[in-house]
Amino acid sequence: MKEILKDLNKAFENKVRLGIMSALVVNDYLDFNTLKELLDVTDGNLASHLKSLEKSKYISFKKEFLDRKPNTKYAATDEGKDAFVKHIKAIEQLLK
Amino acid sequence: MDQQKYIDDLKEIKSIMSRSSRLISLSGLAGVFAGIFALAGAYLAYTTVYTDQNYLGYRVAVLNNETIISLLSIAIGTLILSIGAGVFFTTRRAKKTNEKLWDHQTKRLLVNLFIPLVTGGIMSLILLMKGYIGIVAPLTLIFYGLALVNASKYTLDEIRSLGLLEIALGLFATYFIGYGLIFWSIGFGILHIVYGLVMHRKYES
């Protein structure tokens, strides 16, 4: 039991962060607005969770300009994908 | 423990994954209508090609420039009506399920669908111009199947097996050349109707 709990990742306990990672592992990249609509959260809420995932090096971002408007694209890093898979496996173990 | 929370988490993960990477409002009804249009088109094509028959002898397919032009117009008409039905029913369904259309998923779906489809279309036109008429019906089936398989990653899973069936049918049609219209009716007509009904029952009721 303890082994399993160790794999449960604190970073993904929050619903929004879990949602961000779910979307990013199946897409090469997504921009801020797409994530916002997908998860139905406010700008501030999403930004703070993105920042925390960034700090854990689970996601990376790239700033671009689209029609002279800033557009930030987010992608999951390999580290983030690994951590996410581990987290899901741990959940599945718990539910067995 | 808080098992329910984890079950909910997994559900949420699944839903976000499919909503963010697939077009899930693809409507089965669109398939049914595309199938009906295809059968109507095949019937029109049949009456165009096999006119003035002496029913006691062998049937002769009449193919000259005039009939080829009417066949092409039938094909293009069928295509436009089918695409129209696809857009109409899928938009209607997306409104119901509150899914946004014309975002990057739809774009990716269409790009991946159209690469093999346009290739096949151009190739069929070239072969048609060079007089290889018999091969066109099997080729359209094969390229349509390849297009569906290619696009299936971005929409409902059923599209992949539909694509594989179209490819198989196209290969049969290449072997049994001369029965193109029959295979064509099965592939574009009957398979669309069957898959459309199955998908409609599975996802929309």
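Residues numbered from 1 in each chain as written. Chains lettered and ligands numbered in written order. Predicted model: local features only at pLDDT ≥ 70, side-chain atom pairs only at ≥ 80, totals over all residues. Heavy atoms only, no water.

1. With respect to the packing of aromatic side chains
Residues and elements named next belong to chain A. Note the threshold: Two rings from Phe, Tyr or Trp (for Trp, the six-membered ring) form a pair when their centres are within 6.5 Å of each other. A pair whose planes differ by under 30 degrees is stacked, one over 60 is edge-to-face, and the rest are tilted. Runs of E in the DSSP output that reach at least two residues are strands. Runs of H or I that reach at least four are helices, and both are numbered from the N terminus. For every residue, the accessible area obtained with a 1.4 Å probe (protein chains only) is divided by the maximum for its type, and the residue is called buried under 20%, exposed over 50%, and partly exposed between those limits.
Summed over all chains, the structure comprises 10 aromatic pairs over all chains. Ring plane angle 35 degrees and centroid distance 5.5 Å describe the contact between Phe12 and Tyr58, whose orientation is recorded as tilted. Remark: Tyr58 occurs in the loop between helix H4 (43–55) and strand E2 (59–66) and Phe12 occurs in the loop between helix H1 (2–7) and helix H2 (15–25); sequence separation between them is 46 residues. Per residue, the accessibility class of Phe12 equals that of Tyr58, and both read buried.

2. Re the interface of chain B and chain A
Just so we agree on the cut-off: Contacts are assigned to residue pairs with any non-hydrogen atoms lying within 4.5 Å of each other. Defined here as a combined quantity, buried area equals the accessible surface (1.4 Å probe) lost by two parts on assembly, summed across both. One speaks of a salt bridge when a side-chain nitrogen belonging to Lys or Arg is within 4 Å of a carboxyl oxygen belonging to Asp or Glu. Pairs of N or O atoms within 3.5 Å make up the polar contacts considered here, provided that, within protein, one atom can donate a hydrogen while the other can accept it, and that residues adjacent in sequence are counted only when both atoms are side-chain atoms. Gly is placed with the polar residues, together with every amino acid not listed as nonpolar (Ala, Val, Leu, Ile, Met, Phe, Trp, Tyr, Cys and Pro) or charged (Asp, Glu, Lys and Arg).
On the side of chain A, 22 residues touch chain B, which itself brings 17 residues to the contact. With both chains or domains summed, chain B and chain A bury close to 1,700 Å², and 70% of this area falls on carbon and sulfur atoms. At the boundary of chain B and chain A, one finds zero salt bridges. One can count two residue pairs in polar contact (both at pLDDT 80 or more) joining chain B with chain A. Those elements that provide at least two residues to the side of chain B that touches chain A are helix H1 (3–21) and helix H4 (104–129) of chain B. The dominant element in the side of chain B that touches chain A, judged by the number of residues it contributes, is H1 of chain B, at 13 residues. When grouped by side-chain class, the residues that make up the side of chain B that touches chain A number seven nonpolar, four polar and six charged.

3. A closer look at the layout of surface pockets
Filter applied, for reference: Cavities and pockets were defined on a 1 Å grid built over protein atoms only: a cavity is a set of grid points that admits a 1.4 Å probe from which the probe cannot escape, a pocket is an open set flanked by protein on both sides within 12 Å along at least five of seven lines, and lining residues are those with an atom within 4 Å of any such point. Grid points are joined across faces, edges and corners, and a volume is the space filled by probe spheres set on the points.
Looking at the second largest pocket, its volume works out to about 1,100 Å³. Taken together, 36 residues form the lining of the second largest pocket, with Asp31, Thr34 and Glu37 of chain A together with Asp103 and His104 of chain B sitting closest to its centre. Split by residue class, the lining of the second largest pocket holds 10 nonpolar, 11 polar and 15 charged.

4. Here's the deal with the confidence of the model for chain A
Quick note on the threshold: Per-residue confidence from the predictor is given as pLDDT, running between 0 and 100.
Per-residue pLDDT for chain A has a mean of 86; in total, 93% of the residues score no lower than 70. Within chain A, H1 of chain A has the poorest average pLDDT of any element, 66, and H4 of chain A the best, 92.

5. So, H4 of chain B
Residue and element names in this part refer to chain B. To be explicit about the condition: Helix span, expected: 1.5 Å multiplied by one less than the number of residues in the helix. Note that the bend at a residue is defined as the angle between axes fitted to the seven residues ending at it and the seven residues starting at it.
Taking 1.5 Å of rise per residue, 26 residues should cover 38 Å, and H4 covers 37 Å from first to last C-alpha, within 8% of that figure. Along H4, the largest kink reaches about 30 degrees and is centred on Phe114; proline Pro116 follows within four residues of it. The complete set of buried residues in H4 reads Gln105, Thr106, Leu109, Asn112, Leu113, Pro116, Gly120, Ser124, Leu127 and Leu128. For H4, the elements touching its buried residues are H1, helix H3 (65–97) and helix H5 (136–151). Gly131 lies just past H4 and shows a positive phi near 95 degrees.

6. Details of the sheet that holds strand E1 (residues 30–31) of chain A
Each strand in a sheet pairs with its neighbour through backbone hydrogen bonds, running either in the same direction (parallel) or in the opposite one (antiparallel). Residue and element names in this part refer to chain A. Heads up, the rule is: Whether two strands pair depends on DSSP finding at least two bridges between them. Helix axes are fitted to C-alpha atoms over the stretch in contact, other axes to C-alpha atoms as well, and angles between N-to-C directions run from 0 to 180 degrees.
Pairing is antiparallel across the open sheet formed by three strands, whose spatial order is E1-E3-E2. At either end of the open sheet lies a strand with only one pairing partner, and these are E1 and E2. One ladder, built from two bridges, connects E1 with strand E3 (residues 69–76); its direction is antiparallel. Looking at E3, one finds that Asp31 is bridged to Lys73. Those strands touched by H2 are E1, E2 and E3, and its axis lies near 85 degrees from that of E3. Strands in contact with H4 are E2 and E3; relative to E2, the strand with the most contacts, it is inclined by about 125 degrees.

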